[in-house]
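Survey of secondary and tertiary structure
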Amino acid sequence: MPPPRLSLLLLLPLLLLAPPATPQPAPGSGSGAAPQEDDLRCLRGVKKELADPDGRLSSWDFTNTSASVVCNYNGITCWNPQESRVISLSLSGFGLQGALPSSLQYCRAATTLDLSGNALSGPIPPALCDWVPFLVSLDLSSNALSGPLPAELANCRFLNSLKLAGNQLSGQIPASLARLDRLKSLDLSGNRLDGQIPPQLGANFGKDSFSGNSGLCGRPVSSRCGKGLGGAGLGIVIAAGVFGAAASLLLAYFFWRCTGKGKGGRRRQRRGGSESGGAAVEDGSWWAERLRAAHNRLAPVSLFQKPIVKVKLADLMAATQDFNTSHIVVAGSSRAGTAYRAVLRDGSALTVKRLHSCPLSEKAFRAEMGRIGQLRHPNIVPLLGFCVVEDERLLVYKHMESGALSSVMKKPGEAPLDWATRLRIAVGTARGLAWLHHGFQVPQIHQNLSSSAVLLDEDYEARITDVGLTRLVRMAPGEGGDTSPFLNGDFGEFGYVAPEYASNPVGTMKGDAYAFGVILFELVSGQEAAAVVTDVTGEGFKGTLVDWVNQLKASGRIGDVVDRPLRGKGHDKEIEEFLKVAFACTQPRPKERYSMYRAYHSLKGIGQGRDVSEQFDEFPLSYNKEDSDTM
C-alpha cells in the first residue's frame, strides 16, 4: 500500500479531470410545474429511511414527478399546485418505524410536521429545527422516542404547537423552550421527564401539559422542588430566613426615609376590590408582574392627539385587569403581538397590543410610532398612542366593536352576513389597502394581511389593522434579525401567503394583493383560508382555500364555492364578477395579478347602487397605479 502522501498525489490528476458537481438548488429557489429536486430528495429519503409495513407510502412511486402528482401524495400538502413546495407532512397513524429521517432537511419550506401515532424510535435530533426552520406545528406524540429534549428546539422560532406526549423522553425540560413566544399549545405528558419545570412554561401552560412525568416538580404540577430537610438543615434555613427578613426590613426602612414615599403608596387589596385584579399572574401573564412596580405604573401613555385627561400605564392595567387573558381579542396577527380589550373608567374602549420581540431602541421605536401614527384613513384602524416600559412595547388603537372579520364569519348561532354587507366589507378593505399602496410615493406594504387583520366597527365598516408592524417585530441582529423577512416571520399567516414568497421572501404589493384575494374567497364562500370544510359532516379539504376554489373551478363546479345562504337571492351576477376579481388577485404569477388600484375600482363598480361606492377625494390614489410586480 503506498504511503498516504503518495496516494493523494496519485488521486490529484483524477480530481482535476473529474467534472464539477452539479449544484443543488436552494430551497424555494425555483418555480414552474416541476417540483424542486430538494423536495423530491426529501420525500424519497423519508420513504427510504422509514419502514412502512402497512404500505401507506405506496403512492410515493416517483415515476411521475409532476406537480399535480407529487402534491397528491398520501399525507403531503404543497404551498400551491404550481410551485410544488412541500408545506406539510402529515403522516399520523401510518404505522411507520425507524428514527426521525435526516432527509427532512430537504423539506425546509415545510411548516407542519405530524408524525404522531407511529412507531418511531431513537432521540429527537438536535438539528431538527435547522432542518425544518419554519415549523409552525410539530407533532411527534405517541411514538417510542427516547433521550433528552434537545435545547435546540427553541430554534423553531415560529412554533405555535409542540406535541411530544406519549414517548419515552427523559431528563430535564430545557429552559430555552421558554423563548418560544409564539407557542400556544404544549404537550409533554406521558414521558419520563424529571427536574423543575421552567417557571415561564409553568406559568403559561396548565398541569395537563406536564402530567404523567412523575419526576417533574414546580408549578403547575407541585408547589416546590427538593426533598425535605433534616433538623439541622431546617434550623439553618430558619436562621437564614430570620436574618434575611431583618435585613430586608432594614433596607426597606432606609428606602422609605430616603424617598419620602412611605405614606403615599397605594395598597392593592388582596380580595374583592383590588385595584387591577390579581388574575394576571394566575393566568400566565408573568410579564405583567413587572409592570405593577410603582415606578412602571406611572409611565405615561404617549397619545398623538392631546387628551383631556392624561393616561398612564396604571390606567391601561386597570382597564385590562392586569392584561388578564379574558381580555384577549382577535385583532390582527397574534404573531406580531397579543391584543387586549381595555375599558377605561369613563367607559370608552381601546385595544392595547403588546408587541412580541421588538428589537428597536426606544428612540427608534418612537420615531416609527410617529410615522405610523400619521396614517389616517377611514378604512385603517387608527393608532392612538403607545407606551414604552422597560423592554415592553404597547400600542393603543381605537377599539373596533364588531371584532375581526375572521371571528364574525364563524360566529356560532348568529345569522350569516348578507351579500350587501360582505360586498361593503370587501370594498372598504380594498379602499384601505389601495390607499396604502397607491397613496404614497413609497408604497406602504402590509405583509401580514388576513381576515384577522380586517376589523369591523359598529356599522360593519372594514378597517385594516397591524399596518407597519412587520418593521417592529423583527428579531435583533445575532438572533436572526439580519436575515430575510421570510426567516423573521414576515411572510404572513398560513393560507394567505403568496406563492412567490417561498422562493423570494420580500414583501411586495402583489403579495398583499394575493392575501386580499384570499379574503375575497373567504367572504364569498364562508370558508376559512387554511381550514376548508367540504361537507356537513365536517370533513376537511387537504389544502388551502385557494386550492379548493381552483379545484372546483377546474371541475366546472364554481357554483359550489358560494356560501349556501347567498345562493338563489338574486345576486348571482354580482357574485360572478366578485369571483373574477378574487381569481385575478390570486394568480400564481405576480405579473398577472391585479394591483389593489384595479381591484378596488373593479369592486367599487360591482357595488354601485349599494352604498359602497362613495369617493374619498381627500385620499387620492396617485402613485404606482400600473400593475408592476416590482413594487
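In the block above lies the structure referred to throughout.
These lines cover the structure that appears in this document, whether it is placed above or below. (Residues numbered from 1 in each chain as written. Predicted model: local features only at pLDDT ≥ 70, side-chain atom pairs only at ≥ 80, totals over all residues. Heavy atoms only, no water.)

Details of the packing of aromatic side chains
In total, this model carries eight aromatic pairs according to the counting rule given. Ring plane angle 75° and centroid distance 5.1 Å describe the contact between Trp419 and Phe578, whose orientation is recorded as edge-to-face. Placement of Trp419 in helix α13 (residues 419–438) and of Phe578 in helix α16 (residues 572–585) is noted, with a sequence separation of 159 residues between them. Put simply, the rings of Trp60, Phe62 and Tyr73 pair up and form one aromatic cluster. Note that Arg393 overlies the ring of Phe365, its terminal NZ or CZ placed 5.4 Å from the centroid. Here Lys553 stacks its cationic end above the ring of Phe583, 4.2 Å away from the centre of that ring. (Phe/Tyr/Trp six-rings, centres within 6.5 Å; stacked < 30°, edge-to-face > 60°. Helix = DSSP H or I, 4+ residues; strand = E, 2+ residues; numbered from the N terminus. Lys NZ or Arg CZ within 6 Å of the ring centre and 35° of its normal.)

Structural notes on the pattern of salt bridges
What the rule picks out here adds up to 12 salt bridges. Residues Glu392 and Arg354 are paired through a salt bridge, measuring 2.9 Å at the closest nitrogen-oxygen approach. You can see Glu392 sitting in strand β18 (residues 392–398) and its partner Arg354 sitting in strand β16 (residues 349–355), a full 38 residues away along the chain. Given the relative accessible area of 5%, Glu392 is considered buried. Residue class for Arg354 comes out buried when judged on its relative accessible area of 15%. Where Glu577 meets Lys573, a salt bridge forms, and the shortest distance between an N and an O atom there is 3.8 Å. Taken together, the positions of Glu577 and Lys573, both in helix α16 and four residues apart, correspond to about one turn of that helix. Taking the relative accessible area as the measure of exposure, Lys573 reaches 56% and is therefore exposed. Residues joined by salt bridges that share partners form a network here, namely Lys573, Glu577 and Lys580. (Salt bridge = Lys/Arg side-chain N within 4 Å of Asp/Glu carboxyl O. Buried < 20%, exposed > 50% of the residue type's maximum accessible area, 1.4 Å probe, protein only.)

A short note on the state of the cysteines
By the definition in use, this model includes two disulfides. Residue Cys129 pairs covalently with Cys156 via a disulfide, S to S 1.9 Å. The sign of the S-S torsion, about -100°, decides the handedness of the disulfide formed by Cys129 and Cys156: left-handed. Of this pair, Cys129 sits in helix α4 (residues 128–131) while Cys156 sits in the loop between β7 (144–148) and β8 (161–163), placing them 27 residues apart in sequence. (Disulfide = S-S within 2.5 Å.)

Details of the packing of α16 against helix α17 (residues 596–606)
At a minimum axis separation of 10 Å, α16 and α17 run at an interaxial angle of 175°. Judged by the inter-axis angle, α16 sits roughly antiparallel to α17. The residues of α17 that touch α16, namely those facing Glu574, Glu577, Phe578, Val581 and Cys585, are Ala599, Ser602, Leu603 and Ile606. Partitioned by chemical class, the residues of the contact of α16 with α17 number six nonpolar, one polar and two charged. (Axes fitted to C-alpha atoms, helices over the stretch in contact; angles between N-to-C directions. Parallel < 35°, antiparallel > 145°, perpendicular 65-115°, else oblique. Contact = heavy atoms within 4.5 Å. Nonpolar A, V, L, I, M, F, W, Y, C, P; charged D, E, K, R; others polar.)

Remarks on unusual backbone geometry
Across residues other than glycine, the phi torsion is negative in most instances, and most of the peptide bonds are trans. Cis peptide bonds are those with omega within 30 degrees of zero, and the linkage from Arg219 to Pro220 qualifies with 10°. Residue position: Pro220 is located in the loop between β12 (215–217) and α6 (231–259). In this model, Phe62 sits at a positive phi of 60°, which is unusual for a non-glycine residue. Tracing the sequence through the fold places Phe62 in the loop between α2 (37–49) and α3 (67–70). Residue classification places Phe62 among the buried positions, given a relative accessible area of 15%. Positive phi outside glycine occurs at Ser142, with the angle close to 55°. Following the sequence through the fold, Ser142 ends up in the loop between β6 (137–139) and β7.

As for helix α14 (residues 509–525)
Residues spaced three or four apart along an α-helix face the same direction, because each turn holds 3.6 residues. The first and last C-alpha atoms of α14 sit 25 Å apart over 17 residues, in line with the 24 Å expected at 1.5 Å per residue. Burial of α14 is extensive: 17 of the 17 residues sit out of reach of the surface. With its phi angle positive at about 75°, Gly526 sits one or two positions after the end of α14. (Expected span 1.5 Å × (residues − 1).)

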